[in-house]
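# Survey of secondary and tertiary structure
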Amino acid sequence: MDFQQTIQQLINGLGLGSIYALIALGYTMVYGVLRFINFAHSDVLMLGAFSALYIAPKVEKVLGPQSVTGAILVIVFSAAVCACLGMLIEFLAYRPLRNRPKLTVLITAIGVSLFIEFTCQNDAIFGSATRAFPKLLPEQQFHLGKIVLGSNDIIVPVVTALLLVGMWFIVQKTRIGTAMRAVSFNQQAASLMGVPVNRIISFTFGLGSALAAVAGILYSMKAPGIEPLMGVQPGLRAFIAAVVGGIGNLPGAVLGGLLIGVLETFAGGIPGLSNYRDAIAFGILILILLFKPAGLLGRATIEKV
Amino acid sequence: MKLRHFAIPAFAVCLALGLSNCKKGGGDTIKVGEFASLTGKEATFGMSSHEGTLLAIEEVNATGGVLGKKVELLTEDDQSKPGEPANAVNKLISKDSVVAILGEVASSRSLEAAPICQQSQIPMISPASTNPSVTQAGDYVFRACFTDPFQGAALANFSTGTLKATKVAMLTDVKSDYSKGLAKCFKDKFLANGGTLTTELDYNGGDKDFKAQLTTIKNGNPQAVFVPGYYTDVALIAIQAKQIGLTVPLFGGDGWESSVLLDIGKDDMNGNYFSTHCAADQGTPKMTAFVESYKKRFNGKVPDAMAVLGYDSAMLLADAIKRAGTTEGPKLRDAIAATKDFEGVSGKFSLNADRDAVKALVFIKIEGGKFRYTATVNP
């Protein structure tokens, strides 16, 4: 592998990794507040991509094809749709289990995930065939010598960085963020202090689902073939990314996502190793859990039994 | 231990068969089972072959059916998923007591159903599975298409001959029996032709990011890239190849045959080639007539090769039932095996001793967002 190829693979890896990072942000944020993994996150990602599929032609009619405002509008609308769906999922599936053991909620999350995946495969909803995703933005490739940098390779990391900063700002600097941290710290005490716990949890889900929708759309712009199971693979990688980075830690999720994206890309480009590509993410997970169980940026906490 | 695993289901199937045989005599229709990927990742394969099969059965029934009875087609969807074909075929055989099975397009899924049909002594005809091992499951398993050693060799000759590409990279789907089989057959002939493989890389069917592999491939400076995959993956590979600046032609086998390839891949598919069973614009009188009746039946839809093979496999079965004069498994098997110079829409073909059809293949070039017939290769 020569120098230019290494740089090219690094670009590819960062492009892929920042999508994982974006999905991982959603996982880690919900975990940070509620201490449970929302496995339906990867399916909200799929719903985001499908809402964009239906919204895009309508926006295109008004604003013309492949305009920047159009793309932003599509993303905002889809994020809004998914935020509502996320809150609905929380209201119907998780809220009734609020005071049950965490394991019950976790298993319910898996159930919700399977329910969404298989309901959407029905022909009356999306059908299970792969559908073509519309082009939202004109694609451009920039050539630097032999190295090619696609417009998507720039947009995705920028959006991920902006959203990371945005999330950090919301959680650390706003009133609602303070309330989120309070709920995360001690739900009961927070409610005694007058924090509307249910509303805060709904908001957290809405925000997480909106992130998933953005990730779903960016992912589909990269690989414009979408189907109801499209969220499963990236969702699993992103979950691992969140754990590797230290679950509950926002910058950790991004770091984990980039790490997995880059390693996977390098493995994919090496003959003989390319068919073990999927094993890479899981290999990293095992290593991290063995040697640094709290994750790269996570702080080890002692659990009282 | 292994024997016991087989013995119990086998016994159950025999029992079911014994019972179903009693029913068969009394029925006033001949039941034919079909399993196809009507939904899922390779949905157009199943939809096309199903529509072709349906058209054939309707035509047979319009002309009085076979053996004085109408043919009834029972279709099961396997959702393009591993595991489902076995369920579908078990149900068709034991519950619906069909006399024969038609299906599938994808080799991995045909391979799953073949041993079940073999054990139950129900003839199975795969319309389009090209992996050689499909019909090796036993003497009850047939196919209405050519096999990968022929297709792989034709593709290798196409590469070194027509494309003048002797330096080729190969990208294989490690999850698919079809892809691995075709890749191996291609490689053998291609190396024998004096070609060199610059890079050999793998992907997992269903992957969305291929830039890693494509970057390494580009670095090897190939004159063409051989992608023996299925259309949903191939379309994404073609898009990302263009993005990475890999501009040499891609080529592949009959797994590319689907209109969805163009829906997803759009302009990035132009300039690529694939081999398949037949083309709607190949100009033979039988094909032209078929395209007309198919369009009439399915709202102006132009049939693809899988539709043609679905039609041919059903017609082949109807013809064999007529010749056998019965629907009993062993006799029907012998009648199918004796098929000679059958006039199919995809061309005239006979079944050889391995129960594979010996027939021509065609090459298609993708140009201006359309499939264009370019050449026929005879066996």
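Now for a quick tour of the structure. (Residues numbered from 1 in each chain as written. Chains lettered and ligands numbered in written order. Predicted model: local features only at pLDDT ≥ 70, side-chain atom pairs only at ≥ 80, totals over all residues. Heavy atoms only, no water.)

### Comments concerning the overall build of chain B
Of the regular secondary structure elements, chain B holds 12 helices and 15 strands. The C-alpha radius of gyration computed for chain B amounts to 21 Å, which stays within 12% of the reference 21 Å derived for 379 residues, consistent with globular compactness. Principal-axis analysis of the C-alpha atoms gives chain B an extent of 65 × 55 × 35 Å. In chain B, which comprises 379 residues, the proportion classed as buried is 59%. Counting only contacts in chain B whose residues sit at least 6 apart along the sequence, the fraction spanning at least 24 positions is 69%. Counting only carbon and sulfur atoms, one obtains 55% of the accessible surface of chain B, whose full area is about 13,800 Å². Across chain B, the centroid of the 41 positively charged side chains sits 1 Å from that of the 41 negatively charged ones. (Helix = DSSP H or I, 4+ residues; strand = E, 2+ residues; numbered from the N terminus. Rg over C-alpha atoms; globule rule 2.2 N^0.38 Å. Buried < 20%, exposed > 50% of the residue type's maximum accessible area, 1.4 Å probe, protein only. Contact = heavy atoms within 4.5 Å. Areas by Shrake-Rupley, 256 points an atom, 1.4 Å probe, with all protein chains shown as cover. Lys, Arg positive; Asp, Glu negative; His and termini not counted. Charge placed at Lys NZ, Arg CZ, Asp CG, Glu CD.)

### Concerning the nonpolar core
In this structure, Phe36(A), Met46(A), Tyr94(A), Ile116(A), Leu136(A) and Val183(A) are the most contacted members of the largest nonpolar core, which totals 87 residues. Among the elements that make up this core, the one with the highest residue count is helix 8 (residues 197-222) of chain A (15 residues). Residues within four places of Ile116(A) in sequence aside, it is in contact with Ala40(A), Asp43(A), Met46(A), Leu47(A) and Ile89(A). Counting 62 residues, the second largest nonpolar core, distinct from the first, contains Leu214(B), Tyr230(B), Leu250(B) and Val260(B). (Core = buried A, V, L, I, M, F, W, Y, C linked by side-chain atoms within 4.5 Å.)

### Here's the deal with the interface of chain A and chain B
At the junction of the two partners, chain A supplies 36 residues and chain B supplies 31 residues. For chain A, the biggest contributors to the area lost against chain B are Thr130(A), Lys222(A) and Arg277(A); these three give 16% of the whole. Across the chain A-chain B interface, the total number found is 5 salt bridges. As a salt-bridge pair, Asp209(B) and Lys222(A) come within 3.4 Å of each other at their nearest N and O atoms. Run the count over chain A and chain B and you get 13 residue pairs in polar contact (both at pLDDT 80 or more). Looking at the side of chain A that touches chain B, the element that brings in the most residues is helix 1 (residues 3-34) of chain A, giving 5 residues. When the residues that make up the side of chain A that touches chain B are grouped by side-chain class, the tally is 12 nonpolar, 15 polar and 9 charged. (Buried area = accessible area lost by both parts, 1.4 Å probe. Salt bridge = Lys/Arg side-chain N within 4 Å of Asp/Glu carboxyl O. Polar contact = N/O pair within 3.5 Å; in protein donor to acceptor, adjacent residues only side chain to side chain. Nonpolar A, V, L, I, M, F, W, Y, C, P; charged D, E, K, R; others polar.)

### Focus on the packing of helix 2 (residues 43-62) of chain B against helix 10 (residues 285-297) of chain B
All names here are of chain B. Where helix 2 contacts helix 10, the two axes come as close as 11 Å, and the packing angle between them is 100°. The angle between the axes of helix 2 and helix 10 places the two elements in the roughly perpendicular class. In contact with Ser48, Glu51, Gly52, Leu54, Leu55, Glu58 and Glu59 of helix 2, helix 10 contributes Phe290, Ser293, Tyr294 and Arg297. Residue classes in the contact of helix 2 with helix 10 are distributed as 4 nonpolar, 3 polar and 4 charged. (Axes fitted to C-alpha atoms, helices over the stretch in contact; angles between N-to-C directions. Parallel < 35°, antiparallel > 145°, perpendicular 65-115°, else oblique.)

### Some details on the sheet that holds strand 15 (residues 370-377) of chain B
Residue and element names in this part refer to chain B. Within the open sheet, the 7 strands sit side by side as 7-6-8-9-10-14-15. Their pairing is mixed. Both edges of this open sheet fall to strand 7 (196-203) and strand 15, since each of them pairs with a single strand only. Mean inter-strand twist for the sheet, computed between neighbouring axes without regard to direction, equals 25°. Here strand 8 (residues 224-226) pairs with strand 9 (residues 250-252) via 2 bridges, running parallel. Note that in strand 9 the partner of valine 225 across the bridge is leucine 250. Its contacts with the sheet place helix 7 (residues 211-219) against strand 6 (167-173), strand 7 and strand 8, and it is angled at close to 175° to strand 7. (Pairing = 2+ DSSP bridges.)

### Examining unusual backbone geometry
All names here are of chain B. Cis geometry is adopted by the peptide bond preceding glutamate 104, which originates at glycine 103 and carries an omega value of -5°. Looking at the element boundaries, glutamate 104 is found in the loop between strand 3 (100-102) and helix 4 (107-120). Phi at glutamine 121 takes a positive value of approximately 55°, unusual for a residue other than glycine. For glutamine 121, the position within the fold is in the loop between helix 4 and strand 4 (124-126).

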